[in-house]
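Read off the chains here:
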Amino acid sequence: MRTTLRIRRAALVFTAIGALALTGCSDDGDGGKKKSDEGGSANGKDNASSVVLPKLDGEQLSVAAVWTGPEQANFVKVLKEFENRTGAKVTFVPAQDPIVNFLGTKIAGGQPPDVAMIPQVGAIKQAVEKKWAKPVGDEAKAQLTKNYAKVWQDLGAVDGTQYGVYFKAANKSLVWYNTKAFENAGASEPKTWKDFLATAETVSASGVTPVSVGGADGWTLTDWFENIYLSQAGPDKYDQLAQHKIKWTDPSVKDALTTLAQLFGKPSLIAGGADGALQTEFPASVTQTFTGGDQPKGAMVFEGDFVGINIAQTKAKIGTDAKVFPFPAVGAESPVVTGGDAAVALKDGKGAQALLTWLASTDAAKIWAEQGGFISPNKALDAAAYPNEVQRTMAKALIAAGDAVRFDMSDQAPQSFGGTPGKGEWKTLQDFLKNPKDIAGTQAKLESDAAKAYKS
């Protein structure tokens, strides 16, 4: 559920970021021009259709999702354009987490929605195992082939059959920084891990502690590890470790922990040192980075796009006081760890399949992108559709990763190992933050806990 909750919070951050475009923060000439079409109307020379949809006059469809507030409102705009183009009537059905339980209740009552937006890879597999999900049709698959990297197609497939169309994504490989602290230190955005450590030392020399870590929440530490591991060991090794096909005692894990220890092993680079970080919850790790003007408790904080909701609790403005850069490359490329929401048909029929085709199209992605609060995995979407440079940076990093993007590893693991406070990976990495010299002991404990969890 951790990924789901973080993706939900991502909607709120993008609402805040999207507001920048409405207050003049769209920083290149084309970002604000595209607001005039109310989110992607087919009218106008700039909106030539990228997808052919059938006529569905009078057909009634329903779509279930856990989205609320502005996130729901923007998705409804996407559905409204589908109505305009097909003649169908689409009803949004508010769902609750965990959505599999919600859908089970609806199906048991004989009222399943035509389509559900499912936020976890495992939940798609559950829907298939329960025989709820219907395979994606040829038209939607053609849009996926044209517009999506293979990894996003694979994430929506089960045993080689396509069931999901990923419409919304989250980029969880970002470092946010206090621009005043960087400017005063003469620091610039680093691109590699070596540069990141050098930047941290530069900021430290200016009198500001460089890195804020929310170590009281063990999941932040798993994300540190995953980003380093993905960049350093590569996607194939990442997949093997995520499935426990290789052990946590593997040399690749040693390498990643050794790299992470280059930061964790220098308490002077971490706000409050290791002890302070272990008492700092994630929200505070963000707010302490963006309060105190040019003398914050930490100059940088690592986490995903949802950091913005916590920045919004301060006086800092995203795009001016707070900026973001991709997680630095440890290996050849910067990593992109992600989450996302996939459309899955739960009913047979022309309407449900047409809606999947629509959601796989560039036209549909463009509508929400222009509103803010959204990153699309659709590689054919012009980045100019996003309302400001902060969102473009996030989206470009996601797309540039191509097939190397990977779903959060700890969220793929059994919950007892990858998602339980005070146990498993969370607890062991907290212990590692306290004592980063004990790499062998950390590996042994991770493997012991993983072996038990994957067997249960």
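To be clear, the structure that these remarks concern was listed above.
Residues numbered from 1 in each chain as written. Predicted model: local features only at pLDDT ≥ 70, side-chain atom pairs only at ≥ 80, totals over all residues. Heavy atoms only, no water.

**As for the pattern of salt bridges**
Alright, step 1. By the definition in use, this model includes 15 salt bridges.
Alright, step 2. With its nearest N and O atoms 3.3 Å apart, the salt bridge here joins Lys 172 to Asp 408. Here Lys 172, found in the loop between β6 (164-171) and β7 (174-178), pairs with Asp 408, found in the loop between β12 (406-407) and α18 (409-412); they are 236 residues apart in sequence, far enough to count as distant.
Alright, step 3. Residue Lys 172 is classed as buried on the basis of its relative accessible area of 1%.
Alright, step 4. Ionic pairing is found between Lys 427 and Asp 431, a salt bridge with its closest N-O pair at 2.9 Å. Taken together, the positions of Lys 427 and Asp 431, both in helix α20 (residues 424-434) and four residues apart, correspond to about one turn of that helix.
Alright, step 5. Judged by relative accessible area, Lys 427 falls into the partly exposed class, the value being 34%.
Alright, step 6. Where salt bridges share partners, they join Glu 81, Arg 85 and Asp 363 into one cluster. (Salt bridge = Lys/Arg side-chain N within 4 Å of Asp/Glu carboxyl O. Helix = DSSP H or I, 4+ residues; strand = E, 2+ residues; numbered from the N terminus. Buried < 20%, exposed > 50% of the residue type's maximum accessible area, 1.4 Å probe, protein only.)

**Considerations on the side chain of Asp 114**
Alright, step 1. Relative to the helices and strands, Asp 114 resides in the loop between α3 (99-108) and β3 (115-118).
Alright, step 2. For the buried Asp 114, no salt bridge is present, and the opposite-charge side chain at shortest range is Lys 347, 4.1 Å distant.
Alright, step 3. Setting aside anything within four residues of it in sequence, one finds Asp 114 in contact with Gln 60, Leu 61, Ser 62, Val 344, Ala 345, Leu 346, Lys 347 and Ala 352. (Lys, Arg positive; Asp, Glu negative; His and termini not counted. Contact = heavy atoms within 4.5 Å.)

**Side note on the environment of Ala 401**
Alright, step 1. With respect to the helices, strands and loops of the structure, Ala 401 is situated in the loop between α17 (389-400) and β12.
Alright, step 2. C-alpha of Ala 401 to C-alpha of Val 336: the two residues are 65 residues apart in sequence and 6.4 Å apart in space.

**A few points about the sheet that holds β7**
Alright, step 1. One open sheet accounts for four strands, arranged β8-β9-β7-β10; its pairing is mixed. Either end of the sheet is taken by a strand with one partner, and the two such strands are β8 (211-212) and β10 (322-326).
Alright, step 2. Alignment of β7 against β10, held across five bridges, turns out to be antiparallel. Each residue of the ladder has a partner; that of Tyr 177, found in β10, is Lys 323.
Alright, step 3. Packed on one face of the sheet, α17 meets β7 and β10 and runs near 15° to β10. (Pairing = 2+ DSSP bridges. Axes fitted to C-alpha atoms, helices over the stretch in contact; angles between N-to-C directions.)

**Section: the packing of helix α2 (residues 69-86) against helix α15 (residues 350-359)**
A packed helix pair is summarised by two numbers, namely the angle formed by the two axes and the spacing between the axes.
Alright, step 1. Axis separation between α2 and α15 bottoms out at 11 Å; the angle between their running directions is 120°. The angle between the axes of α2 and α15 places the two elements in the oblique class. Relative to α15, the crossing made by α2 is right-handed. Contacts from Phe 75, Val 78, Leu 79, Glu 81, Phe 82 and Arg 85 in α2 reach Gly 351, Ala 354, Leu 355, Trp 358 and Leu 359 in α15.
Alright, step 2. Taken together, the residues of the contact of α2 with α15 break down into eight nonpolar, one polar and two charged. (Parallel < 35°, antiparallel > 145°, perpendicular 65-115°, else oblique. Left-handed = near helix turned anticlockwise from the far one by under 90°. Nonpolar A, V, L, I, M, F, W, Y, C, P; charged D, E, K, R; others polar.)

**Things to note about the packing of aromatic side chains**
Alright, step 1. This model, assessed by the stated rule, comprises 23 aromatic pairs.
Alright, step 2. With 6.2 Å between their ring centres and 70° between their planes, Phe 75 and Phe 92 make a pair best called edge-to-face. With Phe 75 in helix α2 and Phe 92 in strand β2 (residues 89-94), this residue pair connects regions lying 17 residues apart in the sequence. Summarising the burial analysis for this pair, Phe 75 and Phe 92 share the class buried.
Alright, step 3. When the centroid spacing of 5.2 Å and the interplanar angle of 25° are considered together, the rings of Trp 193 and Phe 196 count as stacked. Highlighted residues: Trp 193 and Phe 196, both in helix α8 (residues 193-205), separated by three residues, approximately one helical turn. Accessibility assignment for this pair places Trp 193 and Phe 196 in one class, buried.
Alright, step 4. In this structure an aromatic cluster arises from ring pairing among Trp 193, Phe 196, Trp 224, Phe 264, Phe 302, Phe 327 and Phe 432.
Alright, step 5. The ring of Trp 368 carries the charged tip of Lys 168 above its face, separated from the ring centre by 5.7 Å. (Phe/Tyr/Trp six-rings, centres within 6.5 Å; stacked < 30°, edge-to-face > 60°. Lys NZ or Arg CZ within 6 Å of the ring centre and 35° of its normal.)

**Description of the packing of α20 against helix α21 (residues 439-455)**
Alright, step 1. Contact geometry for α20 and α21: axes closest at 9 Å, N-to-C directions at 170°. Considered as vectors, α20 and α21 are oriented roughly antiparallel to each other. Residue-level contacts link Gly 424, Glu 425, Thr 428 and Phe 432 of α20 to Ile 439, Thr 442, Lys 445, Leu 446 and Asp 449 of α21.
Alright, step 2. Along the lines of polarity and charge, the residues of the contact of α20 with α21 split into three nonpolar, three polar and three charged.

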